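# Architecture at a glance
Chain by chain, the residues run as shown.
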Amino acid sequence: MNPSLFPSKILSIPFITIYIFIVIPTVFSSTKTISYSDHCNSFVPEAIPTTITYTRFPFLETITSHYTGAKNILDQDSLSQSYIHFRPKDYNIFKTNTSNTYKTQAQLTFVPPSIYHFQSNHSRFYRPLVFNLDGFLSVSTNKLCMVGSANWFSKKGKRLKLDAVLKLNLPRLMNLNTSLVSGTLESLAFPHDSDYFDPISMMGFPQVSQFKYKYSLVSNEDCNGANAIEHPVASLESLDLCSKFTYRFLIYQMESQGSGYPFLSLYGFQCSVEEKKLRFLVEFQNTSNTRWDKSFNPNVTLIGDATWNGPKEELCIVACHILNQTDPLGSAHIGDCSVRLTLYFPEVRSIMNTHTTEGQIWLTKKADDVGYFEPIKFQSFDHSSENYGSMYEFTKLQKVRQVCPQTNVAKREGVEYPSGYNGDMSFDMSVKYRNMDSIGSAIPIFVGEQFYHSYDAFDSNFGPWQDPTSYTGPMNISYEISFQMFANSTSESGSGISSLFSTNNGRVEISAEGFYDNETGRLCMVGCRNLPSSGKNSENESFDCEILVQFQFPSTNGNNGSFLIRGSIESLREKTDVLYFESLNVVSLTYTKLEAMESIWRMDLEIILDLISGTLSCFFIVLQIFHVKKNPDMIPLISVLMMVILTLGYMVPLVLNFEAMFSETPYLQNIQLEGSGGLLEVNKVIVRIVTMVAFTLQFRLLQLTWTKKFGKDNNGKGKSHWNHEIWTLVICLPIYTVGGLMMFLANRKNNNYIISSNRSIWGALRSYAGLTLDGFLFPQMVLNMFKISKGNALSYLFYIGNTFVRTLPHAYDIYRGQKNISHQFHQFYLYANPRADFYSPSWDVVIACGGVVFAVIVFLQQRFGGRFMFPKRFRDTIEYEMVPVVNNE
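For the protein chain, the name recorded in an unreviewed UniProt entry is RING-type E3 ubiquitin transferase, with Lactuca virosa as its organism. In its Subcellular location (unreviewed entry) section, the UniProt record describing the protein chain reads: "Endomembrane system".

Quick look at the pairing of strand β10 (residues 181–187) now. Within a regular beta strand, the side chains point alternately toward one face of the sheet and then the other, so they alternate between its two faces. Among the seven residues in β10, six count as buried, and that is most of the element. Pairing geometry for strand β9 (residues 159–169) and β10, over six bridges, is antiparallel. Looking at β10, one finds that L166 is bridged to L185. Summarising the sheet, β10 and strand β11 (residues 200–204) pair through five bridges and their orientation is antiparallel. Across the sheet, G183 pairs through a bridge with M202, a residue of β11.

With respect to the helices and strands, L611 occurs in helix α6 (residues 593–630). Sequence separation between L611 and K684 is 73 residues; the distance between their C-alpha atoms is 9.3 Å. L611 has contacts with I686, V687 and V690, leaving out every residue within four places of it along the chain.

What follows is about the sheet that holds strand β16 (residues 314–323). If you trace the eight strands once around the closed barrel, you get β12-β13-β14-β15-β16-β17-β19-β20, paired in antiparallel fashion. Strand-to-strand, the axes of this sheet are offset by a mean angle of 30°, without reference to chain direction. Examined bridge by bridge, strand β13 (residues 263–272) and strand β14 (residues 277–285) share nine bridges and lie antiparallel to one another. Looking across to β14, one finds that G268 is bridged to F280.

Centre-to-centre distance and the angle between the planes together describe a pair of aromatic rings. This structure, assessed with the given rule, holds 25 aromatic pairs. Note on F131 and F197: the rings are 6.0 Å apart at their centroids and 55° apart in plane angle, and the pair reads as tilted. Linking F131 in strand β7 (residues 129–138) with F197 in the loop between β10 and β11, this pair joins segments that are 66 residues apart in sequence. Taking the relative accessible area as the measure of exposure, F131 reaches 0% and is therefore buried. The exposure class assigned to F197 is buried, which follows from its relative accessible area of 0%. A ring pair is formed by F427 and F553, whose centres lie 6.0 Å apart and whose planes are at 85°; its orientation type is edge-to-face. Within this pair, whereas F427 is found in strand β22 (residues 427–433), its partner F553 is found in the loop between β28 (543–552) and β29 (566–571), the two being separated by 126 residues in sequence. With respect to class, F427 is no different from F553; both count as buried. Three or more aromatic residues joined by ring pairs make a cluster, and in this case those are F427, Y479, Y516, F551 and F553.

What follows covers the UniProt feature "transmembrane region" (unreviewed entry) in the protein chain. Within the UniProt annotation, "transmembrane region" (unreviewed entry) is assigned to residues 6–28, 607–628, 634–656, 726–746, 767–786 and 838–860. For the annotated span residues 607–628, helix accounts for 100% and strand for 0% of the residues, and the straight-line distance between the end C-alpha atoms is 32 Å. Taken end to end, residues 767–786 is 85% helix and 0% strand, and its first and last C-alpha atoms sit 29 Å apart.

What follows covers helix α12 (residues 778–787). For α12, the buried fraction is high: eight of the 10 residues fall into the buried class. Within α12, the full set of buried residues consists of F778, P779, Q780, M781, V782, L783, N784 and K787. Just past α12, the residue I788 takes up positive phi, approximately 50°.

The next thing to look at is the pattern of salt bridges. Per the stated rule, a full pass over the model turns up six salt bridges. The salt bridge involving R573 is made with D544; its shortest N-O contact spans 2.9 Å. Residue R573 is found in the loop between β29 and β30 (584–588), and its partner D544 is found in strand β28; the two are separated by 29 residues along the sequence. Here R573 and D544 have matching classes, each one buried. If you follow the salt bridges from partner to partner, you end up with R529, D544, R573 and D577 in one network.

A positive phi angle is found at N100, which is not glycine, with a value near 65°. Looking at where N100 falls in the secondary structure, it is placed in the loop between β3 (83–96) and β4 (101–111). Of note in the backbone geometry, N142 takes a positive phi value of approximately 60° without being a glycine.

Before going further, it helps to spend a moment on the pairing of strand β12 (residues 249–254). Along β12, six of the six residues are buried, which leaves the element largely enclosed by surrounding structure. Where burial is concerned, the two faces of β12 agree: the one with F249, I251 and Q253 and the one with L250, Y252 and M254 are both buried. Two strands pair when backbone bridges link them, and β12 and β13 are joined in this way by five bridges, in the antiparallel orientation. Its bridge partner lying in β13, I251 is registered against S265. Of the strand pairs in this sheet, β12 and strand β20 (residues 376–380) are connected by three bridges, and their pairing is antiparallel. When the sheet's bridge partners are listed, M254 is paired in β20 with F378.

For the structure shown, the criterion picks out five disulfides. Across a sulfur-sulfur distance of 1.8 Å, C40 and C145 are joined as a disulfide pair. For the disulfide bridge between C40 and C145, the dihedral angle about the S-S bond is near -70°, and by the sign convention the bridge is left-handed. Within this pair, whereas C40 is found in helix α2 (residues 36–40), its partner C145 is found in strand β8 (residues 143–153), the two being separated by 105 residues in sequence. Under the relative-accessibility criterion, C40 is labelled buried at 0%. Here C242 is linked by a disulfide to C271, with a sulfur-sulfur distance of 2.0 Å. What sets the handedness of the C242 and C271 disulfide is the S-S torsion sign, and at about -75° it is left-handed. With C242 in helix α4 (residues 241–245) and C271 in strand β13, this pair connects stretches of sequence that are 29 residues apart.

Right, let's get into the packing of α12 against helix α14 (residues 841–864). Packed helix pairs are specified by the crossing angle of their axes together with the interaxial distance, meaning the distance between the axes. Between α12 and α14, whose axes approach to 10 Å, the crossing angle comes to 30°. The orientation of α12 relative to α14 falls into the category roughly parallel. Handedness of the α12/α14 crossing: left-handed. The segment α12 lies against α14, with F778, Q780, M781, N784 and M785 engaging F854, I857, V858 and Q861. Looking at side-chain class alone, the contact of α12 with α14 contains six nonpolar, three polar and no charged residues.

Before going further, it helps to spend a moment on the nonpolar core. Judged by nonpolar contacts, the single largest core of 41 residues is most densely connected at M642, M643, L777, L794 and F798. Of all elements in the fold, only α6, α7 (640–656), α9 (679–710), α10 (722–750), α11 (761–774), α12, α13 (796–818) and α14 reach the threshold of two or more residues within this core. For this core, the leading source of residues is α7, giving eight residues. Contact partners of M642, with chain neighbours within four places excluded, come to F776, L777, P779, Q780, L794 and F798. Judged by nonpolar contacts, the second largest core, of 31 residues, contains V431, M436, Y516 and I565.

It is worth spelling out a nonpolar patch on the surface at this point. Together, W706, W722, I726, W727, V730, I731 and I735 make up an exposed nonpolar region whose accessible area comes to about 670 Å². In terms of residue count, the dominant contributor to the nonpolar patch is α10 (six residues). Inspection of the secondary structure assignment puts W722 in helix α10.

What counts, and where the lines are drawn
- Throughout this description, residue numbers start from 1 for each chain and increase along the sequence as written.
- In keeping with the model being predicted, local features are shown solely for residues with a pLDDT of at least 70 and side-chain atom pairs are shown and tallied solely at 80 or more, while totals for entire chains, interfaces and linings include all residues.
- Think of the side-chain values as coming from all heavy atoms in the structure, minus any hydrogens and water.
- UniProt positions are given in the numbering used here, feature names are shortened, and annotations may be inferred rather than shown by experiment.
- Note on classification: 1.4 Å probe, protein chains only; a residue is buried when its accessible area is under 20% of the maximum for its type, exposed when over 50%, partly exposed between these limits.
- Counting from the N terminus, the helices are the DSSP runs of H or I reaching at least four residues and the strands are the DSSP runs of E reaching at least two.
- Between any two strands, at least two bridges found by DSSP are needed for them to pair.
- Throughout, a residue-residue contact means that at least one pair of heavy atoms, one from each residue, lies within 4.5 Å.
- All axes are obtained by fitting lines to C-alpha atoms, using only the stretch in contact for helices, and the reported angles, taken between N-to-C directions, cover 0 to 180 degrees.
- Note on ring pairs: Phe, Tyr and Trp rings are taken, using the six-membered ring of Trp, and paired if centres are within 6.5 Å. Classes follow the plane angle, with under 30 degrees stacked, over 60 edge-to-face and the rest tilted.
- We define a salt bridge as a contact between a side-chain nitrogen of Lys or Arg and a carboxyl oxygen of Asp or Glu at a distance within 4 Å.
- Two cysteine sulfurs form what is called a disulfide whenever their separation falls within 2.5 Å.
- An angle below 35 degrees is read as roughly parallel, one above 145 as roughly antiparallel, one from 65 to 115 as roughly perpendicular, and any other as oblique.
- The hand of a helix crossing depends on one turn: near helix anticlockwise from the far one by less than a right angle means left-handed, and clockwise means right-handed.
- When residues are sorted by character, Ala, Val, Leu, Ile, Met, Phe, Trp, Tyr, Cys and Pro go into the nonpolar class, Asp, Glu, Lys and Arg into the charged class, and all the rest, Gly among them, into the polar class.
- In this text, buried Ala, Val, Leu, Ile, Met, Phe, Trp, Tyr and Cys residues form a nonpolar core when linked through side-chain atoms within 4.5 Å.
- Exposure above 30% relative accessible area and no salt bridge define the residues that can form patches, which grow by joining like charges within 9 Å and nonpolar side chains of Val, Leu, Ile, Met, Phe, Trp and Tyr within 5 Å.
- Methods summary: accessible areas were calculated by the Shrake-Rupley approach with a probe of 1.4 Å, and residue burial reflects only the protein chains presented.

Structure follows, in structure tokens:
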């Protein structure tokens, strides 16, 4: 490579002198531990650094690089492998006394997902493997050799120092055929040493400055072999090619699987604005998932150059294979550039033609050549919010007028609704059917003749956004609606929902178009959904367009008393039709500003209540600890089962939320509530700390009870109180088991379709566990009956206070229901969470009354005896009255 490609900056003589004699010896002192000459001289001879020069050379980076090997330290496989980074430190290298040879420092970083770092206490946390390397670059041979080490730990926690040598082949002036960087990282330890690791092979396609890369293998003529386009395409003369295609994974569906894979992904990682040319990774995939921060798979990945073919309004890609991958330092190279791809963009979109991109892939090989396949068409997913300058054709408006007749609704004074041209029209939603619950989204695609961008409300590539703020009344609008399919619904006969078949990605996807009236906030549309082959009716239709979608938007100023978007999705077919489904209710999951402020106020209140409950629990437990220490003879009368239930009641929430004590909860990471000021996260941590204190105290109380009842006395003999505890367990355990089975069967019968956690089987079991905790005094009542106990085994404040703490959430839920607080946002419940207990007006009353009844019974048992409620002959053992004896003498 020409040395002029490494521009240097002349520095002053004093600065050079200081740098050579002070800085450089210090910086490169680490190389003394590993001999460069022993491992690299045959690859890149060693030289003496003389001065610094600011330049760069190609490096390996995320997504466009790949590595294999070192499984004994990285534990990576082809499915879970993450990324590799190799880049010079500070992007500088040093000139040496040998022509075309430069000294440099660099870091090589591996970040696979399953790396664990073992500290001396054997705790684990995620960390990358980083090699600090020093070495030399030969411009004349395009080779790089470096030595260095990394600190690491074995799987057993032993500290390791991994010494290694890195050798890379770098390209000269790059084009598609010469763009591969490949090499190896090899351990300098002996194979039987504990710090030895298997050799690592690596390859990648680095970005380089524009003048160093030549798009020499791609031109408009390269794609002339493609089949003719069947319909008009959009004119994209003003397209910003780089912003549309770089640093994004674009996933397409293959119409046939001649390649053996159902999906195709494109990732553009370099672009020339002036030439309208790009570099792409082209990968065949088994899934439609994107692979952010993952290394590519070289067995199914091609490297390609693309150019914009203006006359045909298409993107043309020439792609090549990676050959001889197993020999990264030798024959590995780019070759077999016989693959061609073209992408074009339909001019018109409609309710039944929603994909934004079409294309095909074919070979320039002959039919009898090895690896030949017939041309394959591909297209973007149907419900895409992308736009490449296409227009929308409304075809169902006449039907909308028939099923959505205009109603004369007078505009209410002072009530304002979204205009239809702003960012308030897209929303996340909860879709409900009976006891089923699913999460989805509704996104506008076109408003009138203009593309609606869900973030910016305009598309900068295709002219300015026209905002007709003076326009009022109904306007044409199209939507893409998507939600997760209800669990097990297709297997349930007669449910009325079994005909709502999902697509191959497990979601129900509906395209809809109709009218939105910004004076009333009413949106009414007709929708179409694509039917899988198993869902086609007797007429072999591919679409079900007999769907009515209606939404009512709330006012933007809150004057109509509502903050949520409400609506329905229903079938227009007869109930006897195979494609008929019952109506689905829709409620938005989007916060307005007023509702967000209400939620913040409610969450603050719930945190206060949680802190009060936790503090009171700690206080009552401390009182009981003092009580048992003052009255140790009463400890045998305390139920161990009750103490276990209370201890688990504090422990389980800590286990489930342990990670949340030290980091933000997921919903707080994704949803920023204006006005929270970050105090919400701090308060939640404080609540969990109080819960941990309560758990510690309760565990201590359990330990005291257990030791006193089942430990050894001063004479070394065991103290056995197992008899009554076993009988208590024999009575309580079947009751708990029968109750759990009844809950399971009831959930299975009535809620078989539920996918949300608040009424799933797991959610029902959690709620039943909460009910068991509400009745924590039940084992104590049973033990009192068996032991015929009498006396204050439990402090009054302990069981009465804990009953109050367990009853308080239900009292608050009654208050919350009267305030008509929405139950749509389950992720924001911090106290009395419906997902973790039984909360409804009837259950609140039953549980509160039940807790009070249990407390009263225990109070009477401790005062009058464990069997006070039984007939007198069953209360106590027989007592004999002493009769005075008369002496006749």
